[in-house]
Each structure stands twice: as C-alpha cells, then as structure tokens.
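Residues per chain are reported as follows:
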Amino acid sequence: GRDTSSLSGAATVVVSRTLSDSGLALARIAQRERELAAARADLESQRQNRLRDFVNAWADLREAQATLIAAMRALESARASAAAVHARLAAGTATQVDALSAASAQAQAERDVLNAQTTAMTRQGIVTERLGWPTDMALNLQADDNAMLEPLARAIGQSSPSSALD
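Since this is a predicted model, take the numbers as computed values, not measurements.

> Would you take a moment to explain the overall build of the protein for this structure?
Along its length, the protein carries three helices and zero strands. In sequence order, the protein lays out its α and β elements as α-α-α. Accessible area for the protein stands at about 11,400 Å²; split by element, carbon and sulfur atoms hold 56% of it.

> Could you clarify how one ought to interpret the confidence of the model for the protein in this entry?
For residues with low pLDDT, the predicted coordinates do not support detailed interpretation. Taken over all residues, the pLDDT of the protein has a mean of 81, while the share at 70 or more is 70%. For the protein, the element scoring lowest by mean pLDDT is helix 3 (residues 146-155), at 56; helix 2 (residues 96-131) scores highest, at 94. In this model, residues 157-166 is a region of pLDDT below 50 whose contacts with residues beyond four sequence positions or in other chains number 21 contacts.

> What is the right way to read the nonpolar core from this model?
Across soluble globular proteins, nonpolar side chains show a tendency to be buried alongside one another. Ala64, Leu68, Ala71, Leu75, Ala78, Ala109, Val113, Ala116 and Ala120 together form the largest nonpolar core, which totals nine residues. Every element with two or more residues in this core is listed here: helix 1 (5-91) and helix 2. At five residues, helix 1 tops the list of elements feeding residues into this core. Those residues in contact with Ala116 that lie beyond four places of it in its chain are Thr67, Leu68 and Ala71.

> Please clarify how helix 2 should be interpreted in this entry.
For an α-helix, 3.6 residues make a turn, and residues three or four places apart therefore share a direction. The terminal C-alpha atoms of helix 2, which comprises 36 residues, lie 53 Å apart, in line with the 52 Å expected from a rise of 1.5 Å per residue. Taken as a whole, helix 2 has its buried residues at Ala99, Ala102, Gln106, Ala109, Val113, Ala116, Ala120, Gly125, Val127 and Thr128. After helix 2 finishes, the residue Gly132 shows a positive phi value of roughly 80 degrees.

> What am I meant to see in the environment of Asp112 here?
Within the secondary structure, Asp112 sits in helix 2. Since its relative accessible area comes to 34%, Asp112 is described here as partly exposed. Between the C-alpha atoms of Asp112 and Ala71, which are 41 residues apart in sequence, the distance is 6.1 Å.

> Would you mind showing me how to read the pattern of salt bridges here?
When the charged atoms of two side chains lie near each other, side chains of opposite charge can form a pair. One pass over the full model with this rule turns up six salt bridges. For the salt bridge of Arg47 with Glu44, the shortest nitrogen-to-oxygen distance reads 3.8 Å. You can see Arg47 and its partner Glu44 sitting in helix 1, three residues apart, about one turn around the helix. Of the charged contacts in the structure, one is a salt bridge between Glu110 and Arg79, with a shortest N-O distance of 4.0 Å. Taken as a pair, Glu110 in helix 2 and Arg79 in helix 1 lie far apart in primary sequence, 31 residues in all. Residue classification places Glu110 among the partly exposed residues on the basis of a relative accessible area of 32%.

> Looking at this model, I keep getting lost on the environment of Ala105. Mind explaining?
When you line up the elements, Ala105 lands in helix 2. Under the relative-accessibility criterion, Ala105 is labelled partly exposed at 40%. Separated by 23 residues in the primary sequence, Ala105 and Ala82 place their C-alpha atoms 8.3 Å from one another.

Conventions and cut-offs
- Residues numbered from 1 in each chain as written.
- Predicted model: local features only at pLDDT ≥ 70, side-chain atom pairs only at ≥ 80, totals over all residues.
- Heavy atoms only, no water.
- Helix = DSSP H or I, 4+ residues; strand = E, 2+ residues; numbered from the N terminus.
- Areas by Shrake-Rupley, 256 points an atom, 1.4 Å probe, with all protein chains shown as cover.
- pLDDT = per-residue confidence, 0-100.
- Contact = heavy atoms within 4.5 Å.
- Core = buried A, V, L, I, M, F, W, Y, C linked by side-chain atoms within 4.5 Å.
- Buried < 20%, exposed > 50% of the residue type's maximum accessible area, 1.4 Å probe, protein only.
- Expected span 1.5 Å × (residues − 1).
- Salt bridge = Lys/Arg side-chain N within 4 Å of Asp/Glu carboxyl O.

Dropping the structure here:
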C-alpha cells in the first residue's frame, strides 16, 4: 500500500484550520453585533438629546414671550401714569420731580420691552434652528405647547415630550 500518514496529517491541518477560521468569523460577527448595538444606543441618545434641546428651547421661548407680554403691559401702565402726572402737573397738583420720575419710569419700561423683544426673537431663532428651519422663519405659536411638541415627539419615537425630560 500507499503511505497515508501524510494525507491524514494534511486533512487534520485543513480541518483544524477550517475550525479556526470559523471561530474567527464567529468572533468577528459577535464584534460587529456589539458595534451595531453601540451605534443604535448612540443614535437613540442623540435623538433624546435633540428632543430635550428642542423642548428646552421651546420652554425658553414661551418664557420670553410671557416676559415680553408683561413688559408691554408695564409700558402701558407707565404711559398711563406719565399721562396722569402730566395732567396733574398742568392742574398744579404735581411737581416737576413727579413728572421726571414718571418719564424715567416710562423710559425704563420702554427699555424693558426692547430687551424682551430681543430675547424673544433670539429664542425664536433657537427654536427654528433646532427644528432645522431658517432662523428668520416665523412660528405660529399656540396657547398649548403640546400642539407643537407632540408631532415632533412622535416623529422621533417618543410617546410624549414630557417623557424626554424624565
């Protein structure tokens, strides 16, 4: 007969190498699965952060609008007070100091309105930027914050905007 010992050794090497390559392939697959899971977790984290950023920007905008409304009401009051002081000054029941004080209060109220307008416009720009819209785009703001937040939350996979803040 033939000497089969060299063939037997070659077969063992091939089988051993095939098993070794198979183990390496399985390890690579497991590594890729871990990398995919990490990438999915990172994506979800980014999604959560974007929603949180939007919700915070929206709340800041609503706060700025409330401040602007309060400043405008204070200006109306300061104007009415100044008009009343001027009427009293004309009637002789107020002093020049009263008139100057009323004018100063009105100027302060006007400055407060300008500051509040600037803040509201800046925060509106931040909200539109968070939405990916042009920053000079006007928002149609509604009394109910959730009217705008709910569709956004659904679009990025949240059940509600408040759950993004948990």
